[in-house]
Amino acid sequence: MQLNHTLVYSLMQLNTFSTQRPECLGTAWTTSRCAPACRSSLSSSRCTRRQACEKVNIWKLERYKFSSEPFRRINVNPPLPTTRESSAMALSPTFDIDAPRWDQTTFAGRLWHFFNITDWRTALLPDSRLDEAKALVESCRAGSVPPGTTEEQLHYAKKLYDSAFHPDSGDRMNIIGRMSFQVPGGMAITGCMLQFYRTVPAVVFWQWVNQSFNALVNYTNRNAASPITPKQIGVAYATATSTALATAVGLNLYTKRAPPLVARWVPFAAVAAANCVNIPMMRQQEILNGIAVTDENGNKLGHSQKAAVKGITQVVISRITMAAPGMIILPIIMQRLEKYKFMQRITYLHGPIQVMMVGVFLTFMVPAACSLFPQRCSIAVSKLEPELRDSITSKCGDSVQHVYFNKGL
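Below is a summary of the structure that appears in this document. (Residues numbered from 1 in each chain as written. Predicted model: local features only at pLDDT ≥ 70, side-chain atom pairs only at ≥ 80, totals over all residues. Heavy atoms only, no water.)

## Describing the overall build of the protein chain
So, point 1. The helix and strand tally for the protein chain stands at 16 helices and eight strands.
So, point 2. Each of the 409 residues in the protein chain was classed as buried or not, and the buried ones make up 45%.
So, point 3. Element-wise, carbon and sulfur atoms account for 61% of the exposed surface of the protein chain, whose accessible area totals about 21,900 Å². (Helix = DSSP H or I, 4+ residues; strand = E, 2+ residues; numbered from the N terminus. Buried < 20%, exposed > 50% of the residue type's maximum accessible area, 1.4 Å probe, protein only. Areas by Shrake-Rupley, 256 points an atom, 1.4 Å probe, with all protein chains shown as cover.)

## As for the packing of aromatic side chains
So, point 1. Counting across every chain of the model gives seven aromatic pairs.
So, point 2. A ring pair is formed by Trp112 and Phe115, whose centres lie 6.4 Å apart and whose planes are at 50°; its orientation type is tilted. Taken together, the residues span about one helical turn, with Trp112 and Phe115 both in helix H4 (residues 107-117) at a distance of three residues.
So, point 3. Of the residues examined, Trp112 reaches a relative accessible area of 53% and is grouped as exposed.
So, point 4. On the basis of relative accessible area, Phe115 is assigned to the partly exposed category, the value being 31%.
So, point 5. Note on Tyr340 and Phe342: the rings are 6.0 Å apart at their centroids and 40° apart in plane angle, and the pair reads as tilted.
So, point 6. Given the relative accessible area of 48%, Tyr340 is considered partly exposed.
So, point 7. You can call Phe342 partly exposed: its relative accessible area is 43%.
So, point 8. In textbook terms, an aromatic cluster arises when at least three aromatic residues are bridged by ring pairs, as seen for Phe196, Phe205, Trp206 and Trp208. (Phe/Tyr/Trp six-rings, centres within 6.5 Å; stacked < 30°, edge-to-face > 60°.)

## So, the environment of Pro260
So, point 1. You can see Pro260 is positioned in helix H10 (residues 260-264).
So, point 2. Judged by relative accessible area, Pro260 falls into the exposed class, the value being 52%.
So, point 3. Sequence separation between Pro260 and Arg198 is 62 residues; the distance between their C-alpha atoms is 9.9 Å.

On their own, these measurements won't tell you what the molecule is for.
Here it is, written out as structure tokens:
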């Protein structure tokens, strides 16, 4: 009874409480017993005992069950979630995990996309974490998202999935061949090529290392719908490596009497020439037998050699663009820096300095080069082979004007 009288009295005094203490608005003390911490916030006439207290919402008082135990203090009017928190609390029923977060028809949209999936930090994650992300993505595709999963969690899982699993086969790619490994792997190899360019043995060794790395990257990011035999892989690797070595050694000997800066650009010339050979050779099966093309809804329509040539050409351009700024601008920077006395005293640090500077270039150039052309490439039906064009026209009529294919990376 005493407790009920106290409760009624507290409700009657609510207006007084709220006037003196703005933070008490919408709340009432359920008992006159309050903790010592409350004595500074309430007048002494209302807080006479050093025991626990509690504030509750007035409109919920009728459902409050009193007990003889000391009361605890709770958050009365919790702040409303922010817009970001509200969007992350519930999963939209129209959420499509395979829909790109950014517009892939624009360069800016593709740039944000590849900044996301080429994040080098994802290469440090264990396979178990990547498999968990794949399982979450596949469960979302099947319509069975685990309770409590937010859109941000699904977006991050898709980021890990895109960075580590092949878009065609769904298999986990080897870590060295992933685009997320381009920055740490490429910066080490490119930095060493730019540093050790003066002697033929050093040129031969680092060009061989670079072409071995490129061959693995090209094979990993091929269009998996067009299988390649081990023999074809060996021929492509040997051809690309020989081309790079012949270009590098030949230009190295030719530029002996040229200005020093020209000699510093020899590695880039060798890399560009090798890319023009390595990528087509590694993906020769697509050129010989064609690449799978589909309509806008993903329905397979056939194989096209012209589509393969277009996709591979775009990949070659992207790879050369990826390497160009670091291998063209950095030699100019280093040549000027080496004229300073402090740089002449730390010649042993020239290699690490170039490696780090190449890493800065690649951090931006890897996503930028991958964004030059859409990943899901298209070609007009009118530009396809006559046989394939007639086949598509007979099946679909004039409803299909363009076909789509994965150009690879």
